[in-house]
Amino acid sequence: HHRDTQKDDEIVDIFFRLGRIKLELRERTKAVNMFEKALEIQPGHRATLNALIDLYTESGDWEAVVKQKRALLASPTTDLDEKFALSEQIAAIFKDKLNNPQKAIAAHLEALNFKPGDRQVLHNLLDLFSDTKQWKKAMEILTKLAELESGKMKAKFLVAAGNIANYELHSTDEAVEIYNQALDEDPDDLKAFERIDKIMTAKKDWRNQERNYRKMIKRLGQEAPPEKKPTQIALWHALGEIY
């Protein structure tokens with residue numbers, strides 16, 4: 001009745017309150033209408049957006065939930081931590097509710113803009129790229145995870161990237177290069193070296209097989225500890241076989 005004398009903030013609050021009342025009266029359509037009137041005046045009104053998110057979540061209208069969360073994401077009052085959380089929530093909806101892995105990937109990548117190098121997001125992306133067989137991108141994520149680590153943990157991610165190059169992409173030269181990077185971090189990973197050996201044997205690339213054996217012998221050092229002596233002897237013996 002007194003709209004002309006009200007400030008925008010006051011009108012938005014009135015529409016929001018009317019929407020809440022309509023919800024209590026179980027008049028869902030009218031409630032949505034009131035909330036939308038509030039957002040027409042102030043698109044980033046947090047209380048209204050949150051009320052709509054709750055309403056659409058309850059009814060399972062996930063596309064509408066995403067729309068409201070994106071509106072919160074675009075709000076100038078939303079800080080980086082909340083933007084990150086919203087992006088991850090949107091990604092989860094696309095993955096688990098809407099079965100849309102590509103949009104889930106896009107939302108995770110958006111989250112990385114707010115927290116570059118977040119390990120959990122990188123793992124989520126790795127799962128999605130693996131599920132959708134986007135092997136090159138999966139390798140990129142494994143490389144990023146490796147950059148965040150050192151020693152055996154770094155080697156673990158590098159070996160995983162090498163396995164993708166080897167078994168999924170059949171890029172054996174690239175696989176050998178990555179396995180060697182892993183062995184520089186963790187010389188005890190004999191399985192990684194066995195994979196290099198198998199690749200070289202299959203290609204009958206004796207010259208590079210020799211080089212890789214010498215690299216491995218060098219990693220053990222001149223004075224290998226007693227527990228590594230059998231490995232050292234086996235490597236020298238195999239090198240003799242190659243010659």
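Read on for a plain summary of the structure. (Residues numbered from 1 in each chain as written. Predicted model: local features only at pLDDT ≥ 70, side-chain atom pairs only at ≥ 80, totals over all residues. Heavy atoms only, no water.)

Observations concerning helix H3 (residues 46-59)
The terminal C-alpha atoms of H3, which comprises 14 residues, lie 20 Å apart, in line with the 20 Å expected from a rise of 1.5 Å per residue. Here H3 has its buried residues at Thr48, Leu49, Ala51, Leu52, Ile53, Leu55 and Tyr56. Those residues of H3 hidden inside the fold are in contact with helix H1 (8-24), helix H2 (28-41) and helix H4 (62-74). (Helix = DSSP H or I, 4+ residues; strand = E, 2+ residues; numbered from the N terminus. Expected span 1.5 Å × (residues − 1). Buried < 20%, exposed > 50% of the residue type's maximum accessible area, 1.4 Å probe, protein only. Contact = heavy atoms within 4.5 Å.)

Some remarks on the pattern of salt bridges
What the rule picks out here adds up to 16 salt bridges. For Lys228, the salt bridge goes to Asp188, with nearest N and O atoms at 2.9 Å. A residue pair is termed long-range when its members are at least 10 positions apart, and Lys228 in the loop between helix H12 (206-220) and helix H13 (229-242) and Asp188 in the loop between helix H10 (172-185) and helix H11 (190-203) qualify at 40 residues. Through salt bridges with shared partners, a single ionic network connects Lys152, Asp186, Asp188 and Lys228. (Salt bridge = Lys/Arg side-chain N within 4 Å of Asp/Glu carboxyl O.)

Examining the side chain of Asp186
Locating Asp186 in the fold gives a position in the loop between H10 and H11. With a relative accessible area of 10%, Asp186 lands in the buried category. Within polar-contact distance, the side chain of Asp186 engages the side chain of Lys152 at 2.9 Å. For Asp186, the contacting residues outside a window of four places in its chain are Lys152 and Ala155. (Polar contact = N/O pair within 3.5 Å; in protein donor to acceptor, adjacent residues only side chain to side chain.)

Section: H12
Here H12 is 15 residues long and its end C-alpha atoms lie 21 Å apart, about the 21 Å a rise of 1.5 Å per residue gives. Where H12 is buried, its residues touch H10, H11 and H13. One or two positions beyond H12, positive phi appears at Gly221, with a value near 85 degrees.

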